[in-house]
Amino acid sequence: MLCIQQQVALSAYICDRDRTPKNESRAMIPTPRTLVLGDNAAVPSVTYRRGDSTVVNAIVDRGMELLKKEGMCFTTITDNIIDYTSLSMATIRYEAPGGQFPPHVDHCKDSAVFLVSLGCNANFMVRGKGETEVHRFQLRSGDALAFNASTEADILHGVESIDTTPSAACEALAKIFPVFWKHRYGVQCRIYYRPLNDTFTDNATN
Ligand SMILES: O=C(O)CCC(=O)C(=O)O
Ligand SMILES: [Fe+2]
């Protein structure tokens with residue numbers, strides 16, 4: 001979904017904000033690391049309002065427009081996927097080849113998730129509500145996947161492994177951001193459809 005220029009813009013945006021401690025000791029089995037995007041390690045994600053002029057808003061808006069054109073909706077959340085109120089973005093760094101995220105259901109009320117992949121290919125699995133068969137596919141650099149992240153939607157998903165052989169897009173990106181020779185970034189954009197309340201803090205410009 002993202003052309004190489006958009007992947008570069010998103011990578012630059014993330015790398016600029018990345019305050020993850022360097023030289024952390026590596027576990028024997030590499031666990032994915034949620035990057036600290038800003039000065040508050042307790043809140044590693046960034047939040048945005050609809051209409052903020054950031055690369056994250058632009059990518060999500062375009063994704064939702066494309067899905068809307070396809071007639072897609074997130075039943076149980078909204079019938080108009082473009083009408084979100086706010087967003088949050090977190091980035092998870094996976095090491096190749098062992099990085100994985102065990103199968104799970106997101107329990108995010110009134111929310112959809114829009115996952116963007118950067119860098120190495122991820123071997124992804126999804127099983128829909130009531131399904132017995134697991135669907136396996138690759139998410140390559142620039143690919144995006146959106147689904148209803150509520151408990152009711154019951155969408156089981158996970159990352160099984162990361163490829164070490166880079167795709168053409170990954171290679172182009174890694175020449176600018178060398179982290180992508182050996183890693184995948186899972187850029188997790190959570191899209192909220194609930195009314196904005198007073199406790200919403202806007203740190204999009206941090
Ligand atoms: O890395 C990914 O694309 C998936 C992350 C995920 O499922 C989650 O953070 O809940
Ligand atoms: Fe998830």
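Everything numeric here is computed off the predicted structure, so don't read it as measured data.

Q: I would appreciate a short explanation of the UniProt feature "domain: Fe2OG dioxygenase" (unreviewed entry) in the protein chain in the present structure.
A: Residues given the UniProt feature "domain: Fe2OG dioxygenase" (unreviewed entry) here are residues 85–193. Each end of residues 85–193 is marked by a C-alpha atom, and these two atoms are 5 Å apart; helix forms 6% of the span and strand 52%.

Q: Sorry, what's going on with the environment of Asn-80 here?
A: Summarising the element assignment, Asn-80 is placed in the loop between helix H2 (55–69) and strand S3 (86–95). Of the residues examined, Asn-80 reaches a relative accessible area of 22% and is grouped as partly exposed. With 16 residues separating them in the primary sequence, Asn-80 and Met-64 have C-alpha atoms 9.4 Å apart. Every residue in contact with Asn-80, bar those within four places of it in the chain, is listed here: Lys-68 and Tyr-193. A distance of 3.0 Å separates a polar atom in the side chain of Asn-80 from a polar atom in the side chain of Lys-68.

Q: Hey, could you run me through the sheet that holds strand S4 (residues 101–105) in this one?
A: A sheet is described by the order of its strands in space; here 4 strands give the open sequence S4-S9-S6-S7, paired in antiparallel fashion. The open sheet has two free edges, formed respectively by S4 and strand S7 (135–139), since each of these has just one partner strand. Strand after strand, the sheet turns through a mean of 20° between neighbouring axes, direction not considered. One ladder, built from 3 bridges, connects S4 with strand S9 (residues 156–162); its direction is antiparallel. Counted as the bridge partner of Val-105 is Leu-156 from S9.

Calculation notes
Here the residue index of a chain counts from 1 through its sequence in written order. Labels follow written order: the first chain is A, the first ligand is 1, and so on. It should be noted that, the model being predicted, local features are given only for residues of pLDDT at least 70 and side-chain atom pairs only at 80 or more, the latter also being counted only at that level, while totals for whole chains, interfaces and linings use all residues. To obtain the side-chain values, all non-hydrogen atoms of the structure were included, while hydrogens and water were left out. UniProt positions are given in the numbering used here, feature names are shortened, and annotations may be inferred rather than shown by experiment. Secondary structure is summarised from DSSP: a helix means a run of H or I of at least four residues, a strand means a run of E of at least two, and numbering begins at the N terminus for each. When a residue's accessible area, from a 1.4 Å probe over protein chains only, is under 20% of the maximum for its type it is buried; when over 50% it is exposed; and in between it is partly exposed. In what follows, residue pairs with any heavy atoms lying within 4.5 Å of each other are defined as contacts. In protein, a polar contact requires one atom able to donate a hydrogen and another able to accept it; more generally it is a pair of N or O atoms within 3.5 Å, and residues adjacent in sequence count only if both atoms are side-chain atoms. A pair of strands counts as paired when DSSP detects no fewer than two bridges linking them. Every axis corresponds to a line fitted to the C-alpha atoms, with the helix fit spanning only the stretch in contact, and the corresponding angles, defined between N-to-C directions, vary from 0 to 180 degrees.

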